[in-house]
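Take a look at the letters that make up each chain.
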Amino acid sequence: MARLAGRRALFAVPVLLVVTFGVFAIAAASPFDPVKAYAGTAGLTASQENLDQLRANLGVDEPLAARWWHWLTSALTGDLGDSSVLRQPVADVIGERVGWSVLLAATAFLVAILLGTTLGVLAARRPGGWLDRAVTSLAYTLEAAPPFWLGLLAVWLFALKLGVLPSGGLTDTASSTVTAGQVASHLVLPAGVLAVSQLPWFVLYVRQGVGDALGDDPVRGARARGLAERTVLLGHALRSGMLPVLTLIGSRVPELITGALLVETVFSWPGIAAATVQAATAVDFSLLAALTALATAAVLLGNLVADLLYGLADPRVGFDG
């Protein structure tokens, strides 16, 4: 296990280097001018000399490779630079927002796994039955629905039409303090929408895996020994059928991150979505590189966790292979 983690850590180094350099390259080719974005309306009347001085102060007059290398060497010492668009250190920008994004994504992912596993097992019990057809039809329908559309639909139904849940934000409008109860109530809609957007994949994978496992010889043998159907389903078929789902967990992390950004925008959730959009439109090199590196590290970590879980669940899989 330690050897696998070490190999993945070594592999992550060149990946992060290439990704961060790519961010600087794409930002440099962007038609947006970071100096004008930083200056705002004052840039409309500023002289060219002042704009050039501001460009030098922001470091955007340096060559692409020099800007990337300066950011990289500073980041290795713990200095992620300053955000030109938010006017504060990048570490503070991420620190203030990433916790809320992690809370949203983790809650939604856990709900998607638990609910997807339950629906998948129920559908696999009787292939072709009415419940199987209903669950798979729902899964394919949700698979085609974009998260932002689901978010708008949820706001219309639960916040505007029924009035049972808040439409967005982190706290109530009149409240000046953040309480656990308010956070929980405001988390329901965004986490639910994000979970529903991830749900179809887990439902379909569990249904297929458990359905195939029910036809395997060990499961047939368990039934022949007179074990209860519940024991056969949960103790034998589910364990074998969940193995493909473990690899799915890692592969869903990129879409989970993308979906979280869209959901945060729809529900005004105070995560990293707004900072990402602002960094992209203002060509904020330091903040863009840090957020992209963070997302890449999350994807690599998700793949590693999926491989470790698979190896723990199936002893036949070696960690050194």
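Residues numbered from 1 in each chain as written. Predicted model: local features only at pLDDT ≥ 70, side-chain atom pairs only at ≥ 80, totals over all residues. Heavy atoms only, no water.

Visitor: Describe the confidence of the model for the protein, with residues and values.
Guide: Overall, the prediction assigns the protein a mean pLDDT of 81, with 83% of residues at 70 or greater. The least confident element of the protein is helix H2 (residues 34–39), whose mean pLDDT is 67; the most confident is helix H7 (residues 147–161), at 91. (pLDDT = per-residue confidence, 0-100. Helix = DSSP H or I, 4+ residues; strand = E, 2+ residues; numbered from the N terminus.)

Visitor: Run through unusual backbone geometry, naming residues and quoting values.
Guide: Unusually for a residue other than glycine, Arg-87 sits at a positive phi of about 60°. By relative accessible area, Arg-87 is classed as exposed at 51%. The phi dihedral of Ser-268 falls on the positive side, at around 55°, and the residue is not glycine. Classification of Ser-268 as exposed rests on a relative accessible area of 52%. (Buried < 20%, exposed > 50% of the residue type's maximum accessible area, 1.4 Å probe, protein only.)

Visitor: Which residues make up the packing of helix H6 (residues 130–143) against helix H8 (residues 180–214), and what are the values?
Guide: Two packed helices can be described by the angle between their axes and the distance between those axes. The geometry of H6 relative to H8 is characterised by a closest axis approach of 8 Å and an angle of 140° between their N-to-C directions. Between H6 and H8, the interaxial angle falls into the category oblique. In the crossing of H6 with H8, the sense of the turn from one axis to the other is left-handed. Contacts between H6 and H8 pair Asp-132, Val-135, Thr-136, Ala-139, Tyr-140, Leu-142 and Glu-143 from the former with Val-196, Leu-199, Pro-200, Trp-201, Val-203, Leu-204 and Arg-207 from the latter. Considered class by class, the residues forming the contact of H6 with H8 number 10 nonpolar, one polar and three charged. (Axes fitted to C-alpha atoms, helices over the stretch in contact; angles between N-to-C directions. Parallel < 35°, antiparallel > 145°, perpendicular 65-115°, else oblique. Left-handed = near helix turned anticlockwise from the far one by under 90°. Contact = heavy atoms within 4.5 Å. Nonpolar A, V, L, I, M, F, W, Y, C, P; charged D, E, K, R; others polar.)

Visitor: Can you lay out the pattern of salt bridges for me, pointing to particular residues and giving the numbers?
Guide: Tallying each qualifying case throughout the model produces two salt bridges. We note a salt bridge from Arg-207 to Asp-132, for which the minimum N-O separation is 2.5 Å. Remark: Asp-132 occurs in helix H6 and Arg-207 occurs in helix H8; sequence separation between them is 75 residues. What makes Arg-207 partly exposed here is its relative accessible area of 24%. What makes Asp-132 buried here is its relative accessible area of 4%. (Salt bridge = Lys/Arg side-chain N within 4 Å of Asp/Glu carboxyl O.)

Visitor: How would you summarise the side chain of Thr-136 if you had to cite specific residues and measurements?
Guide: The topology assignment puts Thr-136 in helix H6. Reaching out from Thr-136, the side chain makes a polar contact with the backbone oxygen of Arg-133 at a distance of 3.2 Å. Each residue touching Thr-136, except ones within four places of it in the same chain, is listed here: Leu-204 and Arg-207. (Polar contact = N/O pair within 3.5 Å; in protein donor to acceptor, adjacent residues only side chain to side chain.)

Visitor: Go over the nonpolar core, please, and point to the residues and values.
Guide: Core analysis: the biggest nonpolar cluster contains 47 residues, and Leu-104, Leu-194, Phe-202, Val-210 and Phe-267 have the highest contact counts within it. Only helix H5 (90–125), H6, H7, H8, helix H10 (229–241), helix H11 (243–251) and helix H12 (253–267) provide two or more residues apiece to this core. The element that contributes the greatest number of residues to this core is H8, accounting for 15 residues. Aside from chain neighbours lying at most four places away, what touches Leu-104 is Leu-187, Pro-190, Ala-191, Leu-194, Ala-260, Val-263, Glu-264 and Trp-269. Ala-27, Ala-279, Leu-288 and Ala-290 belong to the second-largest nonpolar core, a separate cluster that totals 20 residues. (Core = buried A, V, L, I, M, F, W, Y, C linked by side-chain atoms within 4.5 Å.)

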